[in-house]
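Breakdown of the fold
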Amino acid sequence: MLPKVYVTRKVPPDGLDILRKSGQVQFEMWDSDDPVPRVELLKKVKGCDGILCVLTEKIDAQLLDAAGPNLKVLSTMSVGFDHLSLDELKKRGIRVGYTPDVLTDAVAELTVALLLATSRRLIEATHEAKTGGWGTWRTLWLCGHELANSTVGILGLGRIGVAIAERLKPFKVKKFIYTDVEPRPELAKMIEAEYVSLDELAKQSDFLAICCALTPETHGICNWNLFSKMKKNAIFINTSRGGVVNQEDLYEALSTGLIAGAGLDVTTPEPLPTHHPLFTLKNCVILPHIASASYTTRNAMSALAANNLLAGLRGEPMPKELKL
Ligand code: GLV
Ligand code: GLV
């Protein structure tokens, strides 16, 4: 009998084609854009050899117990893995695939777009133009902050941080600085970035981009302590995970003018309730977690997730396997 696989969400065509044409698995898919209800998911994974999931599914002890002892492979269509209980997966000897690299360009591109939208106040500006606020051309109206001659800080220097810096460099950024748990000399060299402490990163950055994974160490790392050291003109950009930010502290920092603006592609929770105080702030641009959302990239992510799954089920090395 072919290995049994459950796919927790409607997968983009490239990934779906690979699963269909492989002839290697019998799979069932939750054929919807909305998440599968948890009770349904717990039923569907029973007896599966593999699961292909997305980042809204919590893969924890309860789910792994529901799946049972046949489960050998978990493939997530995401680069982030904070929705997975890695200890529980490791304990059970389940191999894990994820999708780094293929989304780097799309995420870097969106991060630059969000940064510029925030620093040059594009969302406010289109709103003014549309709703009658555009009375005349005014000298300091809708002024923002420019990248030329600025210092850009990166919290968590990986592939994505480097790709962001490469794209920002032509905007005449003066200096790149970064912090991480330890220096990353090879990556830093590519963008001539200087390693500094978290304190210095906060103090020196005109633009601060958050590019780290969400882990117990980075949870809430962007808090009052950090914001209070930042420049008044600073723009804070987060395209990693909402959990790295203390949102109450960010709200205070934005509403009291401690920092100039924030662009967030990720929040806690997701979706952020429409009545959330952050939505009342003109200097906060909020996007619904779309950093990797290009047709090319989402298809590539689905193909990689499918190939990880199939390789794992064959007992071969996965194209991109998470080391547990
Ligand atoms: C998106 O947030 C991802 O982790 O791929
Ligand atoms: C702006 O449009 C200018 O002419 O300075």
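Just so it is clear, the model here is predicted, and its values are computed rather than measured.

Here we look at the confidence of the model for the protein chain
- In this model, the protein chain carries an average pLDDT of 98, and 100% of its residues clear a pLDDT of 70 or more.
- The ipTM value of the predicted complex is 0.75, and its pTM value is 0.96.

Re the site of ligand 1
- In the vicinity of ligand 1, the contacting residues are Leu55, Ser78, Val79, Gly80, Leu103, Arg241, His289 and Met301.
- At 2.8 Å, a backbone N or O of valine 79 approaches an oxygen atom of ligand 1.
- The protein chains hide 91% of the 190 Å² of surface that ligand 1 would expose on its own.

With respect to the packing of helix H5 (residues 104–119) against helix H7 (residues 159–168)
- At a minimum axis separation of 9 Å, H5 and H7 run at an interaxial angle of 55°. Relative to H7, H5 is oriented oblique. Judged by the sense of rotation from one axis to the other, the crossing of H5 with H7 is right-handed. Contacts from Thr104, Asp105, Val107, Ala108, Glu109, Thr111, Val112 and Leu115 of H5 reach H7 at Arg159, Ile160, Ala163, Ile164, Arg167 and Leu168.
- By residue class, the composition of the contact of H5 with H7 is 8 nonpolar, 2 polar and 4 charged.

Re the packing of aromatic side chains
- A complete count under the given rule lists 3 aromatic pairs for this structure.
- For the ring pair phenylalanine 81 and tyrosine 98, a centre distance of 6.2 Å and an interplane angle of 75° mean the geometry is edge-to-face. Within this pair, whereas phenylalanine 81 is found in the loop between strand E4 (73–76) and helix H4 (86–91), its partner tyrosine 98 is found in the loop between strand E5 (95–97) and H5, the two being separated by 17 residues in sequence.
- For tyrosine 98, a relative accessible area of 12% puts it in the buried group.
- Geometry around tryptophan 141 places arginine 138 over its ring, the cationic atom sitting 4.5 Å from the centre.

Some thoughts on the side chain of glutamate 128
- Considering the arrangement of structural elements, one finds glutamate 128 in helix H6 (residues 122–131).
- Buried and unpaired, glutamate 128 has lysine 282 as its nearest opposite-charge partner, separated by 4.5 Å.
- Ignoring sequence-local partners within four residues, the contact set of glutamate 128 consists of Gly133, Trp134, Trp141, Leu142 and Lys282.

Section: the sheet that holds strand E2 (residues 26–29)
- The 5 strands are arranged E2-E1-E3-E4-E5 in an open sheet whose pairing can be described as parallel. Every other strand in the sheet has two partners, leaving E2 and E5 as the edge strands with one partner each. Pairwise comparison of adjacent strand axes, ignoring direction, gives a mean angle of 15° for this sheet.
- Examined bridge by bridge, strand E1 (residues 4–7) and E2 share 4 bridges and lie parallel to one another. Residue pairing for E2: valine 5 is matched across the bridge by phenylalanine 27.
- Across the sheet, helix H1 (residues 13–22) lies against E1, E2 and strand E3 (50–53), angled at about 150° from E2, the strand it touches most.
- Together, E1, E3, E4 and E5 form the strand contacts of helix H12 (residues 295–313), whose direction differs from that of E4 by roughly 170°.

Overview of the sheet that holds strand E8 (residues 193–195)
- Across the sheet, which stays open at both edges, the 7 strands sit in the order E8-E7-E6-E9-E10-E11-E12 with parallel pairing between neighbours. Looking at the sheet topology across the chains shown, the edges are occupied by E8 and strand E12 (284–286). Across this sheet, the average inter-strand angle for adjacent strands is 20°, counted without regard to direction.
- Inspection of the sheet shows strand E7 (residues 175–179) paired to E8 by 3 bridges, in the parallel sense. Bridge pairing in E8 places tyrosine 178 opposite tyrosine 195.
- In this fold helix H11 (residues 247–255) packs onto strand E10 (235–238), strand E11 (261–264) and E12, with an angle of close to 140° to the strand it touches most, E11.

Overview of the pattern of salt bridges
- Tallied over the full model, the rule gives 20 salt bridges.
- Residue arginine 167 pairs with aspartate 105 through a salt bridge whose shortest N-O separation is 2.9 Å. In this pair, arginine 167 is assigned in helix H7 and aspartate 105 in helix H5, connecting sequence segments 62 residues apart.
- Of the residues examined, arginine 167 reaches a relative accessible area of 27% and is grouped as partly exposed.
- With a relative accessible area of 47%, aspartate 105 lands in the partly exposed category.
- Residues glutamate 194 and lysine 175 are paired through a salt bridge, measuring 3.5 Å at the closest nitrogen-oxygen approach. Of this pair, glutamate 194 sits in strand E8 while lysine 175 sits in strand E7; the two residues are 19 residues apart in sequence, bridging distant segments of the chain.

Section: the environment of asparagine 308
- Checked against the element boundaries, asparagine 308 lands in helix H12.
- Taking relative accessible area as the criterion, asparagine 308 reaches 0% and is therefore assigned buried.
- The residues contacting asparagine 308, other than those within four sequence positions of it, are Val73, Ser75, Gly97, Tyr98, Met318, Pro319 and Lys320.

Details of the environment of asparagine 299
- Mapping asparagine 299 onto the fold places it in helix H12.
- Asparagine 299 sits 284 residues away from glycine 15 along the chain, and the two C-alpha atoms are 6.6 Å apart.

Criteria and thresholds
Here the residue index of a chain counts from 1 through its sequence in written order. Numbering of ligands from 1 and lettering of chains from A proceed in the order in which they are written. Residues qualify for local features only when their pLDDT is at least 70, as the model is predicted, and side-chain atom pairs are given and counted only at 80 or more; totals for whole chains, interfaces and linings, by contrast, use all residues. Heavy atoms throughout the structure, all of them, feed into the side-chain values; hydrogens and water do not. pLDDT runs from 0 to 100 and stands for how confident the predictor is about each residue. One heavy atom suffices: a residue is near a molecule or strand as soon as one of its heavy atoms comes within 4 Å of it. Contacts described as polar in this section are N or O atom pairs within 3.5 Å, which, within protein, must combine one atom able to donate a hydrogen with one able to accept it, while residues neighboring in sequence count only if both atoms come from side chains. Working definition of accessibility: Shrake-Rupley area with a 1.4 Å probe, residue cover restricted to the visible protein chains. Axis geometry follows a simple rule: fit a line to the C-alpha atoms, using only the stretch in contact for helices, then measure angles between N-to-C directions, giving values from 0 to 180 degrees. Helix and strand definitions follow DSSP, with helices as H or I runs of at least four residues and strands as E runs of at least two, each counted in order from the N terminus. Every angle not falling under 35 degrees, over 145, or within 65 to 115 is termed oblique; those three ranges are roughly parallel, roughly antiparallel and roughly perpendicular. Left-handed describes a crossing in which the near helix is turned anticlockwise from the far one by less than a right angle; the clockwise case is right-handed. Note on contacts: a residue pair is in contact if any heavy atoms of the two residues lie within 4.5 Å. Throughout this entry, Asp, Glu, Lys and Arg are counted as charged residues, while Ala, Val, Leu, Ile, Met, Phe, Trp, Tyr, Cys and Pro are counted as nonpolar. The remaining residues, Gly among them, count as polar. When two rings of Phe, Tyr or Trp (its six-membered ring) have centres within 6.5 Å they constitute a pair, described as stacked for plane angles under 30 degrees, edge-to-face for angles over 60, and tilted for the intermediate range. Exposed residues in this analysis have more than 50% of their type's maximum accessible area, buried residues have under 20%, and partly exposed residues fall in between, with area computed by a 1.4 Å probe over protein chains only. Whether a charge sits over a ring depends on NZ of Lys or CZ of Arg being within 6 Å of the ring centre and within 35 degrees of the ring normal. The positive count covers Lys and Arg only, the negative count covers Asp and Glu only, and His and the chain ends enter neither. We define a salt bridge as a side-chain nitrogen of Lys or Arg found within 4 Å of a carboxyl oxygen belonging to Asp or Glu. The pairing criterion for strands is at least two bridges between them, as found by DSSP.

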